[in-house]
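Commentary on secondary and tertiary structure
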Amino acid sequence: MKKLGKLLVAAAFLLLVTGCSNSAAQSAKDETVTVKLGVVGDDTDVWDDVQKRLAKEDIKLEYVKFTDYNQPNDALAQGEIDLNAFQHQFFLDNYNKEHGTDLVSIGNTVNAPLGIYSDQLTSVADLKNGATVAIPNDVTNGGRALLLLQTAGLIEVDPDKGQTPTTSDITANKLDLKIEELDASQTARALADVDAAVINSGVAVDAGFTPTKDAIYLEPVDDKARPYVNIIVSRKEDANNKTYQKIVDAYQTKETEKVIEETSKGSSIPAWEDFGRK
């Protein structure tokens, strides 16, 4: 009976220890915070590296992928995701104005120059009279595209329109270019049907292009590019969320800078130092 009693005590102790261990493991698991990050397209190479480093801080970064530029802000405003990273400040400002939202930037990521691409031509100088050029149809990227065509010497736009000229603001068009406005996500696919297209960097990369090699004209990176620095965005009430700030800090590192340089082949430029952290 004494032996049996000792065995029962030992078994009870073992169950207690096991139960405590399981509880501790469950507790540790429960401390992991999942953050849903909205991105556009399939290129997550840079974020993959950040994701691994965040996992060591018990932050699980979960991607929610979208196919166009309107969806991630809608999803963030509605609370379907926690953060997004795909847009520049100018695009965000315009979205907030049009939708009455108060989404905010919590950190810079990269400058991704806009480019002019063509399946047929090797230089913008090869564009002929009456050529068709596709550009994004949203206000901010469309205006940016027209300014890029102006910088390339192809058109002139009304300077009073600032960063958001439209096709009706073209004041000179020496080649009588036909400007075709498309959803930004469709500009790369349109290359088979147009002479050239102005394509956002992320869309170009998803289409298999290396902007620094394949663009026939690439947007200059200077102080005028400041409004086009890509950003990490949250809802206003979450701007000081400590977990989200850790994500910004994990992105804005030398490790991330190295991955950006390796994966983009110079097509994306780290922008948290030259253009400020926020």
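Residues numbered from 1 in each chain as written. Predicted model: local features only at pLDDT ≥ 70, side-chain atom pairs only at ≥ 80, totals over all residues. Heavy atoms only, no water.

1. Here we look at the overall build of the protein
The helix and strand inventory of the protein stands at 9 helices and 13 strands. Entry remark: accessible area of the protein is about 14,500 Å², with carbon and sulfur atoms responsible for 50%. (Helix = DSSP H or I, 4+ residues; strand = E, 2+ residues; numbered from the N terminus. Areas by Shrake-Rupley, 256 points an atom, 1.4 Å probe, with all protein chains shown as cover.)

2. Examining the pattern of salt bridges
Enumeration over the complete set of coordinates arrives at 6 salt bridges. Arg 235 is the partner of Asp 238 in a salt bridge, and the nearest nitrogen-oxygen pair spans 3.3 Å. Among the residues examined, Asp 238 registers a relative accessible area of 16% and is labelled buried. A relative accessible area of 13% places Arg 235 in the buried class. Taken together, the shared-partner salt bridges in this structure form one network comprising Arg 235, Glu 237 and Asp 238. (Salt bridge = Lys/Arg side-chain N within 4 Å of Asp/Glu carboxyl O. Buried < 20%, exposed > 50% of the residue type's maximum accessible area, 1.4 Å probe, protein only.)

3. Here we look at the confidence of the model for the protein
Summing up the model confidence of the protein, the mean pLDDT is 89 and the portion of residues at 70 or higher is 87%. Within the model, the stretch residues 11-17 combines pLDDT values under 50 with 0 contacts to residues more than four positions away or in other chains. In this model, residues 20-29 is a region of pLDDT below 50 whose contacts with residues beyond four sequence positions or in other chains number 0 contacts. (pLDDT = per-residue confidence, 0-100. Contact = heavy atoms within 4.5 Å.)

4. Digging into the environment of Gly 79
Position of Gly 79 relative to the elements: it lies in the loop between α3 (71-77) and β3 (83-88). For Gly 79, a relative accessible area of 44% puts it in the partly exposed group. Each C-alpha atom of the pair Gly 79 and Ser 234 lies 9.9 Å from the other, and the pair is 155 residues apart in sequence.

5. Regarding the sheet that holds strand β9 (residues 178-182)
Taken together, 5 strands build an open sheet; the order of strands is β9-β6-β10-β5-β11 and the sheet is mixed. A single partner strand is all that each edge strand has here, and the edge strands are β9 and β11 (217-218). Pairing analysis gives 2 bridges linking strand β6 (residues 132-136) to strand β10 (residues 196-199), with the strands arranged parallel. Bridge pairing in β10 places Ala 134 opposite Ala 197. (Pairing = 2+ DSSP bridges.)

6. Section: the sheet that holds strand β13 (residues 269-270)
The strand order across the open sheet built from 6 strands is β2-β1-β3-β12-β4-β13, with neighbouring strands paired in mixed fashion. Since the sheet does not close on itself, it has two edges, and those belong to β2 (59-66) and β13, each with one partner. For strand β1 (residues 33-40) and β3, the ladder comprises 2 bridges, and the chain directions are parallel. In the sheet register, Gly 38 faces β3, and the bridge partner there is Asn 84. Packed onto the sheet, helix α2 (residues 45-55) meets β1, β2, β3 and β12 (229-235) and runs at close to 155° relative to β2. (Axes fitted to C-alpha atoms, helices over the stretch in contact; angles between N-to-C directions.)

7. Side note on helix α8 (residues 242-251)
Here α8 lies mainly inside the structure; 7 of its 10 residues are buried. Looking at α8, one finds that the buried residues are Thr 243, Tyr 244, Gln 245, Ile 247, Val 248, Ala 250 and Tyr 251. Measuring from the side-chain oxygen of the N-cap residue of α8 to the backbone nitrogen of Thr 243 gives 2.9 Å; that N-cap residue is Asn 241. (Polar contact = N/O pair within 3.5 Å; in protein donor to acceptor, adjacent residues only side chain to side chain.)

8. Examining the side chain of Glu 219
For Glu 219, the location among the structural elements is in the loop between β11 and β12. With a relative accessible area of 12%, Glu 219 lands in the buried category. Polar contacts involving the side chain of Glu 219 include one to the side chain of Arg 144, which spans 2.6 Å. Glu 219 has contacts with Pro 113, Leu 114, Arg 144, Leu 148 and Tyr 228, leaving out every residue within four places of it along the chain.

9. Focus on the packing of aromatic side chains
Applying the stated rule across the entire model yields 7 aromatic pairs. With a centroid separation of 4.8 Å and an interplanar angle of 50°, the aromatic rings of Trp 47 and Tyr 251 are classed as tilted. Here Trp 47 is found in helix α2, whereas its partner Tyr 251 is found in helix α8, with 204 residues between them in sequence. The two residues Trp 47 and Tyr 251 agree in class, both being buried. With a centroid separation of 6.4 Å and an interplanar angle of 80°, the aromatic rings of Phe 90 and Tyr 228 are classed as edge-to-face. Separated by 138 residues along the polypeptide, Phe 90 in helix α4 (residues 89-99) and Tyr 228 in the loop between β11 and β12 bring together distant segments of the chain. For Phe 90, a relative accessible area of 22% corresponds to the partly exposed category. (Phe/Tyr/Trp six-rings, centres within 6.5 Å; stacked < 30°, edge-to-face > 60°.)

10. With respect to the environment of Ala 225
Inspection of the secondary structure puts Ala 225 in the loop between β11 and β12. Using a relative accessible area of 3% as the deciding quantity, one classes Ala 225 as buried. Ala 225 sits 81 residues away from Arg 144 along the chain, and the two C-alpha atoms are 9.9 Å apart.

11. Details of the packing of α4 against helix α5 (residues 139-151)
It is the contact of α4 with α5, at a shortest axis distance of 8 Å, that shows an interaxial angle of 140°. Between α4 and α5, the angle is such that the two are oblique. In contact with Phe 90, Phe 91, Asn 94 and Glu 98 of α4, α5 contributes Val 139, Thr 140 and Asn 141. (Parallel < 35°, antiparallel > 145°, perpendicular 65-115°, else oblique.)

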